[in-house]
Amino acid sequence: MTPVTGRPRHGALLYAFAVLVAYVAATALAIKFHGLSVDRMMVVAEGALHGHLDSSTFQGTVDSVESGGRYYLALGPLQLAAYIPFAAVPELQRVGGYVTGLLFGIPAAWLALPLARAYGAKGRAAYWIAGFTAFGSLLFWTSVFGVPYYLAHAEAFLALALFLLEWAGRRRPGLLGLCLGIAFLARPTIVLAAIPFGAMLLWDRRAELGAMARDALAFGLPIAGAVALYGWFNWVRFGSVLESGYSISVLQVPWLEGARAQGLFTPWHIPANIYFGLLEPPDLTGRFPFVAPNACGLSMLLVSPALLTAWYAGFRDRTARLLWVAAATVALPVFLYYGGGVVQYGFRYSLDFTPFLIALMAMGSEHWKGRREKVLVLASAGSIFIGIWWYANF
């Protein structure tokens, strides 16, 4: 892994500017078609400023939960925290959802360039990998539509990018734990990445028991604090620290209700998730261009085919093995989960483990042949632009 040092070059500034322009333009497109409104998370945030998290307007709506005669949303604390500053200013409430997506998505995309370099990508390859991350991964799609569910992905992606940069650099246990704790508050199952990374961190300190104990404490405390905060957030709403609301929320979709009846996380869901995540083709239509995305999912290999270049990293390198294990560990609950991520373009839950694959892409970039990989990156970017246009008109 390569430490990131030195002053930014013109290419990096141009990349940062391109990200800013593209994300703002895509958000403007989303606003043009979807308009501005005060979404439900903004209602929660406004209520939080007045000391409560419920609203009677949630009754019977998707992902609402009745508890003690009050109606809550089954959404996480980090999404709520991002909304609160906008809820405090009535003039910003209608645009707040869109701005929060940009506030997390744009920095996450900016970090893709130093992330690629930190994991070994050199020269133009680093820009191609960063460009894929910013424009060819679902980070772009989830950052521009002002949807609270998608905001969680942008938040977690940013936290994981910071985590991976710290891992490639000084590996300070407290900062590593803090990044994973923040990711947990957005997407709880990502905390499973603490298992392989924490084990590696402690293994490297095994010669000094005192240092190992201090690092374990520094790494674990922020994560434990995040878990406690989420538990308190659940208890305030649903009377149980373990109830996030997703097991008891209103769904309004019969096949989802049937899937959930089998369990939130169970092997029963693996075949459907593999199909939606890896195999689902576009729907055939009677109008040009005669194909359209399925809102239940679309193969991530069609949506972001450049992810295939992660295989170039192989398994011999110690860091590559760690990243593969982390990706698989975080992917496991994704494929065990009942929901699948609808409504979506592609398989948005794959964003939970995409940052690990991007680091692997960077590690394998020394094996790039040139044209083939660039075609995959351009195809990924084209796919995401199509997905943005499709959902803007959805």
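Residues numbered from 1 in each chain as written. Predicted model: local features only at pLDDT ≥ 70, side-chain atom pairs only at ≥ 80, totals over all residues. Heavy atoms only, no water.

Draft legend 1. Region of interest: empty space enclosed by the protein. Tallied over the entire structure, the rule returns two cavities of 30 Å³ or more. Here the largest cavity is characterised by a volume of approximately 60 Å³. Broken down by secondary-structure element, the contributors of at least two residues to the lining of the largest cavity are α2 (40-49), β2 (70-73) and α11 (209-238). For the lining of the largest cavity, the residue count by class is eight nonpolar, one polar and one charged. In this structure, the second largest cavity occupies an estimated 50 Å³ of space. (1 Å grid on protein atoms, 1.4 Å probe; cavity = no way out; pocket = protein on both sides within 12 Å on 5 of 7 lines; lining within 4 Å. Points joined across faces, edges and corners; volume = space filled by probe spheres on them. Helix = DSSP H or I, 4+ residues; strand = E, 2+ residues; numbered from the N terminus. Nonpolar A, V, L, I, M, F, W, Y, C, P; charged D, E, K, R; others polar.)

Draft legend 2. Structural context of the packing of aromatic side chains. Counting across every chain of the model gives 28 aromatic pairs. For the pair Phe140 and Phe385, a centre-to-centre distance of 5.5 Å together with 85 degrees between the ring planes defines the contact as edge-to-face. Residue Phe140 is found in helix α7 (residues 138-143), and its partner Phe385 is found in helix α17 (residues 371-392); the two are separated by 245 residues along the sequence. Look at Phe385 and you get partly exposed, because its relative accessible area is 47%. An aromatic cluster is built from Trp141, Phe145, Tyr150, Tyr345, Trp390, Tyr391 and Phe394, whose rings are joined through pairwise contacts. (Phe/Tyr/Trp six-rings, centres within 6.5 Å; stacked < 30°, edge-to-face > 60°. Buried < 20%, exposed > 50% of the residue type's maximum accessible area, 1.4 Å probe, protein only.)

Draft legend 3. Structural view of the environment of Ala159. Examined against the element boundaries, Ala159 turns out to sit in helix α8 (residues 148-168). Since its relative accessible area comes to 4%, Ala159 is described here as buried. Taking C-alpha positions, Ala159 is 8.1 Å from Ala108, a pair spaced 51 residues apart along the chain. If we ignore the near neighbours within four places in the chain, the residues touching Ala159 are Cys179, Ile182 and Ala183. (Contact = heavy atoms within 4.5 Å.)

Draft legend 4. Layout of helix α4 (residues 93-110). With 18 residues, α4 extends 26 Å from end C-alpha to end C-alpha; this agrees with the ideal 26 Å at 1.5 Å per step. At Val99, α4 is deflected by roughly 25 degrees, the largest bend along its length. Those residues of α4 that fall on the buried side of the exposure criterion are Gln93, Gly96, Gly97, Tyr98, Thr100, Gly101, Leu102, Gly105, Ile106, Ala108 and Ala109. (Expected span 1.5 Å × (residues − 1). Bend = angle between axes of the 7 residues up to and from the residue.)

Draft legend 5. Quick peek at the pattern of salt bridges. Counting across every chain of the model gives seven salt bridges. Among the ionic pairs, Asp204 bridges to Arg171, the shortest N-O distance being 3.6 Å. In this pair, Asp204 is assigned in helix α10 (residues 194-204) and Arg171 in the loop between α8 and α9 (173-186), connecting sequence segments 33 residues apart. We classify Asp204 as partly exposed; its relative accessible area is 32%. For Arg372, the salt bridge is made with Glu373, and the minimal N-O distance between the two is 3.6 Å. Judged by its relative accessible area of 48%, Arg372 falls in the partly exposed class. Judged by its relative accessible area of 0%, Glu373 is buried. One continuous salt-bridge network, built from bridges that share partners, spans Arg171, Asp204 and Arg318. (Salt bridge = Lys/Arg side-chain N within 4 Å of Asp/Glu carboxyl O.)

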